[in-house]
Amino acid sequence: MSDSPQFISGSEIRQKFLDFFAQREHKILPSASLVPEDPTVLLTIAGMLPFKPIFLGQRKSEYDRATTSQKCIRTNDIENVGRTARHHTFFEMLGNFSFGDYFKEQAIKWAWELSTEVFALPPERLVISVFEEDDEAFAIWKDKIGIPARRIQRMGEEDNFWKSGSTGPCGPCSELYYDFHPELGDDNIDLEDDSRFIEYYNLVFMQYNRDAEGNLTPLASQNIDTGMGLERMAQILQKVPNNYETDLIFPIIKKAAEIAEIDYHKADEKTKISLKVIGDHVRSVVHMIADGITASNTDRGYVLRRLIRRVIRYGRLIGIYEKRGVSFNFTPEVAEVAIALSESVYPSVREREAVIKDQLKREENQFLKTLQRGEKLLSEVIERVKKEQKTVIPGEDAFTLYDTYGFPLELTQEIAAEQDLTVDVEGYNKAMQIQIDTSQGAHETIDLTVQGSIDKLAEHIHPTEFLGYTEAQSTVKVEAVLVEGKTVETGEAGTEIQVILDRTPFYAESGGQIGDRGYLTGDNLLVHIEDVQKESGFFVHYGRIERGSLTTGDSVNATIDRGCRRRAQAHHTATHLLQSALKKIVDDSISQAGSLVAFDRLRFDINCPRPITPEELQQIEEQINTWIAEAHDTQTSVLGLEEAKAKGAIAMFGEKYGAEVRVIDVPGVSLELCGGTHVRNTAEIGLFKIVSETGISSGVRRIEAVAGPAVLEYLNVRDKVVRELGDRFKAKPEEILDRVGNLQSELKTTQKELDAVKQELAVAKSDQLLNQAEAIGDFKILVAEMGDLDPKALQTAGERLQQKLGEAAVVLGSIPAEGKVSLVAAFSHKVNKDKKLQAGKFIGKIAKICGGGGGGRPNLAQAGGRDASKLPEALEAAKKQLIEALQ
């Protein structure tokens with residue numbers, strides 16, 4: 001990076017962009033969370049994503065013009081990160097947006113002014129692309145801006161036409177490219193040549209609506225959506241060879257290099273790639289954790305874990321642990337640099353510093369163990385594949401690495417690629433599907449096909465008005481009826497339907513609280529509503545027509561189930577009290593990681609690095625019940641977002657807030673931003689009882705509890721169990737524990753006696769096998785099946801037989817239970833030393849025949865299997881191999 005007076009930092013580029021448009025009446029809006037509102041994507045992948053509902057006509061914008069610096073995550077090109085000059089997982093997209101205000105000519109003029117005057121890019125170094133049919137844009141660039149026609153490239157729909165889907169708003173694009181080598185001239189310009197050109201600014205002209213037949217009609221309200229890559233503009237203005245060496249990323253790379261005792265500029269290409277991957281991914285994980293994402297094995301949590309693990313692996317590749325020791329945690333140190341680089345623009349990274357560093361440390365410690373095991377096993381697989389002169393790692397091996405050792409498929413593929421091998425992904429997926437089919441339990445799903453119909457309906461109807469804060473019953477109009485996700489005019493009796501109303505007292509699932517239940521009624525009409533979901537501003541009521549028919553345009557009575565609502569209210573307010581109690585008793589830095597507010601229970605997930613002790617749980621329960629008994633009124637108000645935060649209101653990660661927010665205040669106890677339904681006074685909750693506290697993933701604890709009427713149901717179940725146990729044991733409730741303890745002691749004594757009998761039986765059975773031993777050279781071998789002997793007795797028998805036979809190799813097998821196989825190998829010292837036979841390795845291979853595995857010491861080892869029908873085959877193979885080895 002240059003230290004010359006002309007040097008402009010990434011932060012200055014960002015600010016100059018925002019200031020430029022603020023001076024042109026654009027509202028500067030903060031970056032949206034990386035956790036998007038859009039249910040079709042896991043992460044915020046583009047600068048325009050937060051405005052998608054506005055562009056699709058589902059929501060009206062509060063501003064005609066806006067400008068943002070939006071943090072984004074994309075992992076579809078993750079294999080290119082570090083290998084090209086400008087591929088990233090984390091990037092910032094600078095954008096200016098017009099919602100029905102200015103359009104094509106003004107957007108182009110400002111893009112040119114910003115590029116050539118504010119950022120002082122030489123006009124002769126800029127090349128423009130337009131959609132091949134967009135003569136209007138071509139003319140503006142050529143006639144209004146003065147770009148020579150030879151430096152305006154017409155490109156096809158794939159490159160220069162934006163669309164939201166097969167139907168809906170769409171329009172042509174125009175892109176600005178920077179030319180690193182203008183001396184090559186304007187003949188045969190190829191914008192695909194990354195070594196010469198870099199696209200740094202994209203202008204989308206949203207001017208058409210595309211119907212199902214593909215016809216384009218002009219939109220009544222035309223919009224502008226633009227995006228300038230901050231990292232790309234920094235590369236251009238800072239005159240560095242790639243995005244990684246800009247001041248936005250290079251300090252992270254430099255820190256990682258220092259830890260590894262490497263000079264980046266003198267490093268070989270492979271090492272530079274590793275450092276670039278670390279620099280990029282650290283930015284991603286810091287911002288993802290700051291936005292409330294927790295590493296897990298599903299959804300966006302899986303994306304986070306994958307990125308963290310890649311950071312760790314590449315750190316290992318450049319020798320960090322070799323130089324610093326395996327107990328050294330380098331991820332928190334490089335994360336500190338990323339936090340320092342971002343905190344002035346994104347304060348949450350510093351506010352969540354402790355959570356970020358703790359989670360990285362835990363993931364690093366956990367994954368290092370996985371790496372050590374997985375890489376060792378993978379190296380054995382690679383060695384075998386190469387020995388067999390093959391180029392593909394079997395999918396079953398890749399799945400075993402993942403399923404048994406937690407080694408990700410992507411990592412297996414990366415390491416395989418380094419050895420010029422590939423992985424049988426289809427075989428891996430088949431093995432994964434077998435696992436899913438075997439273990440998958442019943443689960444509920446919501447029909448996502450409704451979303452497509454909702455998007456189409458958004459053009460004709462208004463979002464649903466929610467009345468449920470003040471009304472439990474309302475007369476409403478049916479705006480749409482859907483069956484299996486498709487709009488119909490009328491739904492008949494017996495049909496499962498989805499209904500959209502103009503307004504509703506039904507609460508739609510959000511903020512962890514499940515949707516209301518209730519009824520729609522009318523003349524000879526009864527619709528039982530089981531669930532309500534929110535889709536793009538519409539409340540979708542899921543139900544079944546029990547009687548009559550329901551037609552679009554009908555006026556009906558909508559009535560919620562008041563009993564269910566009261567239960568949900570009790571659990572939701574109790575959740576707020578629970579968070580306050582956790583902060584007071586356990587740790588003030590505790591934050592929410594997820595929640596469920598149901599009619600029968602509540603579930604509250606928190607970021608906490610340790611289990612909550614039984615003593616703390618008791619204190620929490622007592623504190624909450626004290627607050628309930630004190631009968632605090634709950635106060636609801638609507639405030640500006642910043643005003644609410646200034647008052648100390650807690651905002652929940654994963655929740656999206658507008659300019660105005662609803663604040664639930666239990667004075668002196670809790671103050672939170674919340675759109676859910678609540679009791680009017682804490683006394684309405686009645687009682688609160690914690691049911692369980694468990695760990696659900698690294699650094700995340702889950703508390704389940706009941707409140708209100710659900711407490712009585714919970715206690716009734718347990719009271720019934722206690723009474724039945726009392727009857728069975730002929731004991732009073734307070735005597736049951738002692739009675740069970742005595743029974744356990746008796747059982748333990750009996751078990752010891754039984755084990756002793758089994759040992760004696762094993763000895764007796766083994767002595768009967770001595771005369772079956774065969775002499776092979778200087779050794780004796782004995783391979784036999786021993787009925788249903790348990791593993792411990794089988795081991796005793798194997799060990800005794802080998803000792804009695806002297807220099808011998810003994811292999812025994814049994815079927816101790818249905819679907820279980822037990823195997824033992826006992827080898828004498830000379831078998832180990834002279835014949836190089838290791839009991840652990842030997843029996844482990846034999847066990848694979850029975851669908852299992854195992855191992856142990858060179859002289860004594862045990863293994864198991866799942867396919868009992870294969871035991872005779874396994875023992876026959878063991879005998880054959882022993883004869884060949886000992887001859």
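This one's a predicted model, so the numbers in the text were calculated from it and none came from an experiment. (Residues numbered from 1 in each chain as written. Predicted model: local features only at pLDDT ≥ 70, side-chain atom pairs only at ≥ 80, totals over all residues. Heavy atoms only, no water.)

1. Let's talk about the pattern of salt bridges
Inference 1: Applying the stated criterion across every chain yields a total of 46 salt bridges.
Inference 2: We note a salt bridge from Glu684 to Arg680, for which the minimum N-O separation is 3.5 Å.
Inference 3: Through salt bridges with shared partners, a single network forms among Arg150, Arg151, Asp179, Asp186 and Arg196. (Salt bridge = Lys/Arg side-chain N within 4 Å of Asp/Glu carboxyl O.)

2. Brief notes about the sheet that holds strand E29 (residues 700-707)
Inference 1: Taken in spatial order, the four strands of this open sheet run E23-E24-E29-E28, and their pairing is antiparallel. Each end of this open sheet is capped by a strand with a single partner; those strands are strand E23 (591-597) and strand E28 (688-697). Neighbour-to-neighbour, the strand axes of the sheet open up by a mean angle of 20°, direction not taken into account.
Inference 2: The sheet contact formed by E28 and E29 spans eight bridges and is antiparallel. Across the sheet, Gly695 pairs through a bridge with Arg701, a residue of E29.
Inference 3: Contacts from helix H18 (residues 562-585) reach E23, strand E24 (602-607), E28 and E29, with the element oriented near 25° to E24. (Pairing = 2+ DSSP bridges. Helix = DSSP H or I, 4+ residues; strand = E, 2+ residues; numbered from the N terminus. Axes fitted to C-alpha atoms, helices over the stretch in contact; angles between N-to-C directions. Contact = heavy atoms within 4.5 Å.)

3. Comments concerning the sheet that holds strand E26 (residues 660-666)
Inference 1: In spatial order, the strands read E25-E26-E27; together these three strands make up an open sheet with antiparallel pairing. Edge positions in the sheet fall to strand E25 (635-640) and strand E27 (670-673), since each of these pairs with one other strand and no more. Here the average twist between neighbouring strands, direction ignored, is 25°.
Inference 2: Inspection of the sheet shows E26 paired to E27 by four bridges, in the antiparallel sense. Bridge pairing links Ile664 to Glu672 in E27.
Inference 3: Packing of H18 onto the sheet brings it into contact with E26 and E27, and relative to E27 it is tilted by some 120°.

4. Examining the environment of Ala631
Inference 1: Mapping Ala631 onto the fold places it in the loop between helix H19 (614-629) and E25.
Inference 2: Look past the residues within four positions of Ala631 in its chain and what remains in contact with it is Asn681, Thr682 and Ala683.

5. Re the packing of helix H7 (residues 250-259) against helix H8 (residues 269-290)
Inference 1: Close contact between H7 and H8 brings their axes to 8 Å; oriented N to C, the two are set at 125°. Between H7 and H8, the angle is such that the two are oblique. For the pair H7 and H8, the crossing hand works out as right-handed. For the pair H7 and H8, contact is made by Ile252, Ile253, Ala256 and Ala257 and by Leu275, Lys276, Ile278, Gly279, Val282 and Arg283, respectively.
Inference 2: Per-class residue counts for the contact of H7 with H8 are seven nonpolar, one polar and two charged. (Parallel < 35°, antiparallel > 145°, perpendicular 65-115°, else oblique. Left-handed = near helix turned anticlockwise from the far one by under 90°. Nonpolar A, V, L, I, M, F, W, Y, C, P; charged D, E, K, R; others polar.)

6. Looking at the state of the cysteines
Inference 1: Applying the stated criterion to the full structure yields zero disulfides.
Inference 2: There is no disulfide at Cys72, and the cysteine sulfur nearest it, in Cys173, is 16 Å away.
Inference 3: Judged by its relative accessible area of 0%, Cys72 is buried.
Inference 4: Free cysteine Cys564: the closest other cysteine sulfur is in Cys674, separated by 19 Å. (Disulfide = S-S within 2.5 Å. Buried < 20%, exposed > 50% of the residue type's maximum accessible area, 1.4 Å probe, protein only.)

7. Concerning empty space enclosed by the protein
Inference 1: Evaluated as defined, the whole model comprises two cavities of 30 Å³ or more.
Inference 2: Estimated volume of the largest cavity: approximately 60 Å³.
Inference 3: Lining of the largest cavity is provided by Arg306, Arg309, Arg310, Phe367, Pro408, Glu410, Leu411 and Glu414.
Inference 4: Elements that contribute at least two residues to the lining of the largest cavity include exactly helix H9 (299-317) and helix H15 (409-418).
Inference 5: Its residues assigned to classes, the lining of the largest cavity shows three nonpolar, no polar and five charged.
Inference 6: Each pocket or cavity is described by its volume, and for the second largest cavity that value is around 40 Å³.
Inference 7: What lines the second largest cavity is simply Val282, Val285, Val286, Ile308, Val311, Thr331, Val334, Ala335 and Leu360.
Inference 8: Those elements giving two or more residues to the lining of the second largest cavity turn out to be H8, H9 and helix H11 (331-342).
Inference 9: A breakdown of the residues in the lining of the second largest cavity according to their chemical character gives eight nonpolar, one polar and no charged. (1 Å grid on protein atoms, 1.4 Å probe; cavity = no way out; pocket = protein on both sides within 12 Å on 5 of 7 lines; lining within 4 Å. Points joined across faces, edges and corners; volume = space filled by probe spheres on them.)

8. Quick word on the confidence of the model for the chain
Inference 1: Chain-level pLDDT for the chain is 88 on average; 95% of the residues reach the 70-or-more range.
Inference 2: Contacts from residues 1-5, a stretch scored under 50 in pLDDT, to residues over four places away or in other chains number nine contacts.
Inference 3: Counted against residues more than four places away or in other chains, residues 438-450, with its pLDDT under 50, gives 13 contacts. (pLDDT = per-residue confidence, 0-100.)

9. So, the pairing of E26
Taken residue by residue, a regular strand's side chains alternate between the two faces of the sheet.
Inference 1: Along E26, five of the seven residues are buried, which leaves the element largely enclosed by surrounding structure.
Inference 2: When E25 meets E26, the two strands line up antiparallel, connected through six bridges. Pairing of Gly640 across the sheet is with Glu660, part of E26.
Inference 3: Taking the residues between adjacent antiparallel strands as the criterion, E26 and E27 are bridged by three residues, where Gly668 takes a positive phi near 80°.

10. Side note on H11
Inference 1: Taking 1.5 Å as the rise per residue, H11 with 12 residues should run 16 Å; its terminal C-alpha atoms sit 17 Å apart, in good agreement.
Inference 2: Of the positions making up H11, those classed as buried are Thr331, Pro332, Val334, Ala335, Val337, Ala338, Ile339 and Ser342.
Inference 3: Each element contacted by the buried residues of H11 is listed here: H7, H8, H9, helix H12 (348-351) and helix H13 (353-387). (Expected span 1.5 Å × (residues − 1).)

11. Examining the packing of aromatic side chains
Inference 1: Applying the stated rule across the entire model yields 20 aromatic pairs.
Inference 2: Measuring from centroid to centroid gives 5.4 Å for Phe51 and Phe99, while their planes differ by 50°, and the two rings are tilted. Note that Phe51 is positioned in the loop between strand E1 (27-29) and helix H2 (52-55) and Phe99 in strand E3 (residues 90-99), a separation of 48 residues in sequence.
Inference 3: Residue Phe51 is classed as buried on the basis of its relative accessible area of 8%.
Inference 4: Each ring, one from Phe399 and one from Tyr428, has its centre 5.9 Å from the other, and the planes form 70°; the classification is edge-to-face. With Phe399 in helix H14 (residues 395-405) and Tyr428 in helix H16 (residues 425-439), this residue pair connects regions lying 29 residues apart in the sequence. (Phe/Tyr/Trp six-rings, centres within 6.5 Å; stacked < 30°, edge-to-face > 60°.)

12. Observations regarding unusual backbone geometry
Inference 1: Its identity is not glycine, yet Lys239 carries a phi of approximately 55°, on the positive side.
Inference 2: Relative to the helices and strands, Lys239 resides in the loop between helix H6 (230-238) and H7.
Inference 3: Non-glycine residue Gln389 carries a positive phi angle of around 60°.
Inference 4: For Gln389, the location among the structural elements is in the loop between H13 and strand E10 (392-393).
Inference 5: Residue class for Gln389 comes out exposed when judged on its relative accessible area of 72%.

13. With respect to a positive patch on the surface
Inference 1: The grouping of Lys387, Lys841, Lys845 and Lys848 at the surface amounts to a positive patch.
Inference 2: Here the positive patch gets three residues from one element, more than from any other, and that element is helix H25 (residues 839-849).
Inference 3: Within the secondary structure layout, Lys387 lies in helix H13.
Inference 4: The exposed category is assigned to Lys387, whose relative accessible area is 74%. (Patch = residues over 30% accessible without salt bridge, like charges linked within 9 Å, V, L, I, M, F, W, Y side chains within 5 Å. Areas by Shrake-Rupley, 256 points an atom, 1.4 Å probe, with all protein chains shown as cover. Lys, Arg positive; Asp, Glu negative; His and termini not counted. Charge placed at Lys NZ, Arg CZ, Asp CG, Glu CD.)

14. With respect to a nonpolar patch on the surface
Inference 1: Taken together, Val717, Val721 and Leu725 make up a surface patch of nonpolar side chains, about 220 Å² in accessible area.
Inference 2: Tracing the chain through its elements places Val721 in helix H21 (residues 709-729).

15. Notes on a negative patch on the surface
Inference 1: The grouping of Glu158, Asp159, Asp190 and Glu192 at the surface amounts to a negative patch.
Inference 2: By the element assignment, Glu192 lies in the loop between strand E7 (168-179) and strand E8 (197-210).

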